[in-house]
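So you can see what is in the structure, the chains are spelled out below.
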Amino acid sequence: MDYPEISFEDRMSTVDFQVSQRAHIEVDSEICNSCTTRECVHACPANLFVPTTDGGILFNYEQCFECGTCYLLCNKQGAISWTYPDGGDGVTFRKG
Ligand code: SF4
Ligand code: SF4
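Here is what the cut-offs are and how they apply
Residues numbered from 1 in each chain as written. Chains lettered and ligands numbered in written order. Predicted model: local features only at pLDDT ≥ 70, side-chain atom pairs only at ≥ 80, totals over all residues. Helix = DSSP H or I, 4+ residues; strand = E, 2+ residues; numbered from the N terminus. Buried ≥ 20, exposed ≤ 12 C-beta atoms within 10 Å, placed from the backbone. Contact = placed C-beta atoms within 7 Å. Near = placed C-beta within 6 Å. Nonpolar A, V, L, I, M, F, W, Y, C, P; charged D, E, K, R; others polar. Core = buried A, V, L, I, M, F, W, Y, C linked by C-beta atoms within 7 Å.

Caption draft 1: Geometry of the overall build of the protein. When helices and strands are counted, the protein shows 4 helices and 6 strands. Taken from the N to the C terminus, the helices and strands of the protein come in the order α-β-β-α-α-β-β-α-β-β. In terms of its C-alpha atoms, the protein occupies a principal-axis envelope of roughly 45 × 30 × 20 Å. Put simply, the protein has 96 residues, and 14% of those count as buried. Long-range pairs, those at least 24 residues apart, make up 69% of the contacts in the protein with a sequence separation of at least 6.

Caption draft 2: Representation of the environment of phenylalanine 93 in the model. Structurally, phenylalanine 93 can be placed in strand β6 (residues 90-93). Sequence-wise, phenylalanine 93 and valine 19 are 74 residues apart; in three dimensions their C-alpha atoms are separated by 15 Å. When neighbours within four sequence positions are excluded, phenylalanine 93 is seen to be in contact with Thr14 and Val15.

Caption draft 3: Quick peek at the site of ligand 2. Lining the immediate surroundings of ligand 2 are Ile25, Cys44, Pro45, Ala46, Leu48, Cys64, Phe65, Glu66, Cys67, Gly68, Thr69 and Cys70. Residue composition of the shell around ligand 2, grouped by class: 9 nonpolar, 2 polar and 1 charged.

Caption draft 4: Highlighting the site of ligand 1. Around ligand 1 sit 13 residues in total, of which Cys32, Cys35, Cys40, Cys74 and Lys76 are the nearest. Where the shell around ligand 1 is concerned, the elements lending two or more residues are α2 (29-32) and α3 (39-43). When its residues are assigned to classes, the shell around ligand 1 shows 10 nonpolar, no polar and 3 charged.

Caption draft 5: Broad picture of the nonpolar core. Counting 12 residues, the largest nonpolar core is built from Val27, Cys32, Cys40, Leu48, Phe49, Ile57, Phe59, Cys64, Cys70, Cys74, Ala79 and Ile80. Excluding its chain neighbours within four sequence positions, the residues that come into contact with isoleucine 57 are Val27, Ser29, Cys32, Cys40, Phe49, Val50, Pro51 and Thr52.

Caption draft 6: Main features of unusual backbone geometry. The residue arginine 38 is not glycine, and still its phi comes out positive at about 55°. Inspection of the secondary structure assignment puts arginine 38 in the loop between α2 and α3. A count of 14 C-beta atoms within 10 Å places arginine 38 in the partly exposed class.

Laid out in structure tokens, this is it:
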């Protein structure tokens, strides 16, 4: 299937992004301390999981585009609490 040529600027003009006041994802760094695989660090396409020198994970939800990859891959119960942002916050796709 062929897709019509569309510039990056035009494509992005169909997407709204509003940073939420509430963190829609929370990471329990204490649980992450015992994680040896660190899937989140390698898989998050926005690079939002950063290992700290004390073995924990630093996470910033503000640039998250809600793909859900971290939640699917993390195999430590309770390490990631995942919800969608409140209505109107986060990513909104509109028809261009
Ligand atoms: S969020 Fe999950 S995958 Fe990432 S370091 Fe913590 S326990 Fe490991
Ligand atoms: S939902 Fe996607 S973009 Fe957001 S933190 Fe998880 S992996 Fe990264």
